[in-house]
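Residue-level listing of the chains:
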Amino acid sequence: MEKRELVIIGAGPAGMTAAIYGRRAGLDVLLLERGAAGGQINTTEEIENWPGVQRATGPELGNMFREHALKFKTEFRTAEVKKVELREDSKIVVTNKGEIEAEAVIVATGAYFRRLGCPGEAERVGQGVSYCAVCDGAFFEDEVVAVVGGGNTAVEEGDYLTKFASKVYIIHRRDEFRADRAAVERALSNPKIEPVWNSVVEKIEGDGTVENLVLRNVKTNEVSNLPVAGVFMFVGQSPYDECVRGLVKAAKDGWIIVNEGMETSVEGIFAAGDVLNKHLRQVVTAASDGAVAAMSASAYINEQIHLRSSILEPESVTAFFYQSIDAAQARLSNEVEKAAKAKGIKIPIIDAYKNNRMTEKLGLSSQLPALVQLHRGGVEKVTRVDSESDIAKVFI
Ligand SMILES: Cc1cc2nc3c(=O)[nH]c(=O)nc-3n(C[C@H](O)[C@H](O)[C@H](O)COP(=O)(O)OP(=O)(O)OC[C@H]3O[C@@H](n4cnc5c(N)ncnc54)[C@H](O)[C@@H]3O)c2cc1C
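Reference entry: report on the structure contained in this document. (Residues numbered from 1 in each chain as written. Predicted model: local features only at pLDDT ≥ 70, side-chain atom pairs only at ≥ 80, totals over all residues. Heavy atoms only, no water.)

**Structural notes on the site of the ligand**
So, point 1. Not every one of the 32 residues close to the ligand is listed here, only the nearest: Ala14, Glu33, Gln40, Asn49 and Asp274.
So, point 2. The backbone of alanine 14 places a nitrogen or oxygen atom 2.9 Å from an oxygen atom of the ligand.
So, point 3. Between the ligand and the protein, one listed contact pairs an oxygen atom with a side-chain N or O atom of glutamine 282 at 3.1 Å.
So, point 4. Surface burial for the ligand is 95%, taken as the share of its 1,000 Å² of free accessible area covered by protein chains.
So, point 5. Here the shell around the ligand is built from residues that sort into 15 nonpolar, eleven polar and six charged. (Near = heavy atom within 4 Å. Polar contact = N/O pair within 3.5 Å; in protein donor to acceptor, adjacent residues only side chain to side chain. Areas by Shrake-Rupley, 256 points an atom, 1.4 Å probe, with all protein chains shown as cover. Nonpolar A, V, L, I, M, F, W, Y, C, P; charged D, E, K, R; others polar.)

Printed below as a string of structure tokens:
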């Protein structure tokens, strides 16, 4: 089976940034993408909040990311990842083009906005139809826009859009919002906001861009026109989490949970970008997550390689395990190193704090600092070494 150090799933801003950081850290990186590199930004006409680039189309920015990753010799491959599996201690990435064993995996599969599904929507995405107020609100300075939805996102984003738009209609199929009371009160007291109750969007019209919404009142069936320059859909967002669903810990609706190092609940599997359970889903936050995930993956891979060659693969070896965050243990580790050198013996010195997972796996966490005798990766004997006199005893 093909074996790789770092396999990244998804070539959006998170995945491509992870690839740049991974390659610069000297890793062998394979980036798997089922569609075109760039991710969601490929569907937007204008990005003006990626620092350093005042204005670019989404595909232009996506291409810059791709070129940057290629400059560092990232290997891109078109493949759809069906699932990630754990087989014994290995991580297997199952794709529609075969299986790959990975030392570490970064899941950067992104998310998608649920569409309303009415006629005129799909062809006007980026031409007045938007799913993100932070991304596109500023393009509607002094224009009349509409928001569709009745939950917290719709009400809060509607309020946010009044910073730019001259008027914001909030179209909701019921006669009251589902959002929190505070958010509703704030929105309803905003003079620029006008709710349109009991109504659904039947059709989006316009010559290229959005010019008019055809509405239907669900109570009276009356059809009316609402001229607007833009419409923001807030009918939900979902993660592309299928390939790791049930494997890693996730919040409601599948958003992946990670710690600040972008580690998922499964050792060696990291996640980054919009697929995460997080507050702000943007290019800049996805890229940041990707960088962190790659550096964590790099540390993890180096740890695995170093541990394998120094303590797991040799027939038999004696290593010193200590906690570097404990000053006394850190001093002892220097003394052990000196004593071993004086005796002409090579002893791997393992920082249990940095190699926490391996220390736990070997069952050593509560027995440190200690000299540990290992045979073919299994612990044979643990000798506590608490002081310099203990060192003298074991090195006689
Ligand atoms: C219309 C629109 C406008 C936007 N405007 C802005 C803006 O102006 N500014 C801004 O900062 N953000 C904007 N965003 C948000 C921004 O695009 C996202 O936050 C960002 O792209 C997230 O990056 P990501 O890498 O996490 O995920 P994505 O960009 O979603 O990339 C994930 C990639 O993974 C691939 N993938 C998924 N599953 C698999 C699988 N199983 N196997 C292989 N590949 C897989 C997908 O094909 C995709 O290419 C906009 C989004 C949209 C939709």
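**Brief notes about helix H7 (residues 327-343)**
So, point 1. The end-to-end C-alpha distance of H7 is 25 Å, a good match for the 24 Å that 17 residues give at a rise of 1.5 Å each.
So, point 2. Looking only at H7, the buried set comprises Gln329, Leu332, Ser333, Val336, Ala339 and Ala340. Along the long axis of H7, the arc covered by the buried residues comes to 130°, so they all point the same way. In this structure, H7 carries Ala327, Arg331, Lys338, Lys341 and Ala342 as exposed residues pointing more than 90 degrees from its buried face.
So, point 3. Buried positions along H7 lie against strand S18 (316-322), strand S19 (349-351) and helix H9 (388-394).
So, point 4. Where H7 starts, the residue carrying a side-chain oxygen 3.0 Å from the main-chain nitrogen of alanine 328 turns out to be aspartate 326.
So, point 5. Positive phi shows up at glycine 344, right after H7, with a value of about 70°. (Helix = DSSP H or I, 4+ residues; strand = E, 2+ residues; numbered from the N terminus. Expected span 1.5 Å × (residues − 1). Buried < 20%, exposed > 50% of the residue type's maximum accessible area, 1.4 Å probe, protein only. Arc of directions from axis to C-beta. Contact = heavy atoms within 4.5 Å.)

**Thoughts on the state of the cysteines**
So, point 1. Per the stated rule, a full pass over the model turns up one disulfide.
So, point 2. The disulfide partner of cysteine 132 is cysteine 135, and the gap between their sulfur atoms is 2.1 Å. Because the torsion about its S-S bond is 75°, the bridge between cysteine 132 and cysteine 135 counts as right-handed.
So, point 3. Looking at cysteine 132, the relative accessible area reads 13%, which means it is buried.
So, point 4. Cysteine 135 sits in the partly exposed class, given a relative accessible area of 29%.
So, point 5. Cysteine cysteine 118 remains unbridged, with the sulfur of cysteine 132 as its closest cysteine sulfur at 19 Å. (Disulfide = S-S within 2.5 Å.)

**What about the environment of alanine 11?**
So, point 1. Within the fold, alanine 11 resides in the loop between strand S1 (2-9) and helix H1 (13-24).
So, point 2. Residue alanine 11 is classed as buried on the basis of its relative accessible area, which comes to 0%.
So, point 3. Along the chain, alanine 11 and asparagine 152 lie 141 residues apart, while their C-alpha atoms are 30 Å from each other.
So, point 4. Aside from chain neighbours lying at most four places away, what touches alanine 11 is Met16, Leu31, Leu32, Glu33, Ala37, Gly38, Gly39 and Phe76.

**A word on the pattern of salt bridges**
So, point 1. Under the definition given, this model contains 31 salt bridges.
So, point 2. One salt bridge connects arginine 77 with glutamate 2, and the closest N-O pair in it is separated by 2.9 Å. With a gap of 75 residues between them, arginine 77 in strand S3 (residues 75-78) and glutamate 2 in strand S1 connect regions that are remote in the sequence.
So, point 3. The exposure class assigned to glutamate 2 is partly exposed, which follows from its relative accessible area of 27%.
So, point 4. With its nearest N and O atoms 3.7 Å apart, the salt bridge here joins lysine 203 to glutamate 205.
So, point 5. Through salt bridges with shared partners, one network takes in Glu2, Arg4, Asp28, Glu75 and Arg77. (Salt bridge = Lys/Arg side-chain N within 4 Å of Asp/Glu carboxyl O.)

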